[in-house]
Amino acid sequence: MSKEIMYVQAQDCMLYCEKRGQGPLLVIMPDGNNDAGPYEGIADMLADEFTVVVFDPREGSRSIPSVHQPVGAELLADDIAAIIKHMDMGKASVFGVSSGGQGALMVGVKYPELIKNVIIHEAALCGPEDVPIPNACGAYFMGFNQTYGPHLTGMNVTPFHAAMYVTVFPERDFSPEVNARMAQNGPVWGQYYFGVQDQQSYTEEMLAKIPACDFTVGCWTPSFQVIANIRTANRGGFEYTWLPSGHYPMITCPDVLVDHIRKTIHKYD
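Thoughts on the pattern of salt bridges
Scanning all chains against the criterion turns up 20 salt bridges. One salt bridge connects Asp214 with Lys267, and the closest N-O pair in it is separated by 2.7 Å. Placement of Asp214 in strand β7 (residues 213-218) and of Lys267 in helix α11 (residues 254-267) is noted, with a sequence separation of 53 residues between them. Classification of Lys267 by relative accessible area gives partly exposed; the value is 42%. We note a salt bridge from Glu239 to Lys267, for which the minimum N-O separation is 3.4 Å. A residue pair is termed long-range when its members are at least 10 positions apart, and Glu239 in strand β8 (residues 239-243) and Lys267 in helix α11 qualify at 28 residues. Taking relative accessible area as the criterion, Glu239 reaches 53% and is therefore assigned exposed.

Concerning the pairing of strand β3 (residues 25-29)
As a general feature of sheets, a regular strand has side chains that alternate between the two faces. Here β3 lies mainly inside the structure; 5 of its 5 residues are buried. Neither face of β3 is exposed, since Leu25, Val27 and Met29 on one face and Leu26 and Ile28 on the opposite face are all buried. Here β3 runs beside strand β4 (residues 51-55); their pairing, made up of 4 bridges, is parallel. Note that in β4 the partner of Leu25 across the bridge is Thr51. Relative to strand β5 (residues 92-97), β3 is paired through 4 bridges, and the arrangement is parallel. Among the inter-strand pairings, Val27 is bridged to a residue of β5, identified as Val94.

Comments concerning the packing of aromatic side chains
Summed over all chains, the structure comprises 11 aromatic pairs. Judged by centre distance (5.2 Å) and plane angle (70°), the ring pair of Tyr140 and Phe141 falls under edge-to-face. Centroid distance Tyr140 to Phe144: 6.2 Å. Interplanar angle 40°. Geometry classified as tilted. Within this pair, Tyr140 and its partner Phe144 are both found in helix α4 (residues 136-152), separated by 4 residues, close to a single helical turn. A residue is classified by how much of its surface remains accessible, and Tyr140, at 26% relative accessible area, is partly exposed. By relative accessible area, which is 18% here, Phe144 ends up buried. Members of the aromatic cluster, connected to one another through ring pairs, are Tyr140, Phe141, Phe144, Tyr148 and Phe224. Between Arg62 and the ring centre of Tyr16, over which it is positioned, the NZ or CZ distance is 3.9 Å.

Calculation rules
- Residues numbered from 1 in each chain as written.
- Predicted model: local features only at pLDDT ≥ 70, side-chain atom pairs only at ≥ 80, totals over all residues.
- Heavy atoms only, no water.
- Salt bridge = Lys/Arg side-chain N within 4 Å of Asp/Glu carboxyl O.
- Helix = DSSP H or I, 4+ residues; strand = E, 2+ residues; numbered from the N terminus.
- Buried < 20%, exposed > 50% of the residue type's maximum accessible area, 1.4 Å probe, protein only.
- Pairing = 2+ DSSP bridges.
- Phe/Tyr/Trp six-rings, centres within 6.5 Å; stacked < 30°, edge-to-face > 60°.
- Lys NZ or Arg CZ within 6 Å of the ring centre and 35° of its normal.

Remember, this is a structural readout, not a statement about activity or role.
Dropping the structure here:
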């Protein structure tokens, strides 16, 4: 599937976007790797019936803002809204993963007039209202890194990849160009995203503003992430679906994920 490269001005940042297909608008917001590359496969698959826009979130790869600042969920929502307004196609469906899930949730809260529905895969919900034990997220990654990090040296895979993606091996599953960009984005995400967007939690009143919302969680994902998303789904009265994957279903089970996205969007036709 051919793609069109476009840039969308979102406040201080010119967002790099890739547009595919025709049909109702679907915006895909990537996870904290901040790169559109890992989503190219599902974007191609969905482009037969949707206009699919996937983008590099701010501070990532090809979307460098003029002002560097902590990136919270509201700023991510503003960026998604800018893309929807730029496309001028009416209400959009939004799919977000991890920190992209935070952006997708908040755009539904802050800009409900722009949204048909949002689909969330394991939003980065690490605040005390959502995780069962304080600092469960940080403790998990610190422990995994201390235990397995030395054994992964020289294998071109980070402890984070091993801990969250399970069946995804970057050197095998992504191009050298995508891997190089994600390697550059990691420290930047740690500087501007970590401890900011992942602390955003959603009250029942906030979630009630979202026109329609569905969650997915992976069977292989660490429990703190799964529980946080199920708690949030229950708080909003939203459905959640289990997927045979970890944090990266677009690589582990793309056919299952694409089928779920299609059916979920059409549920709200």
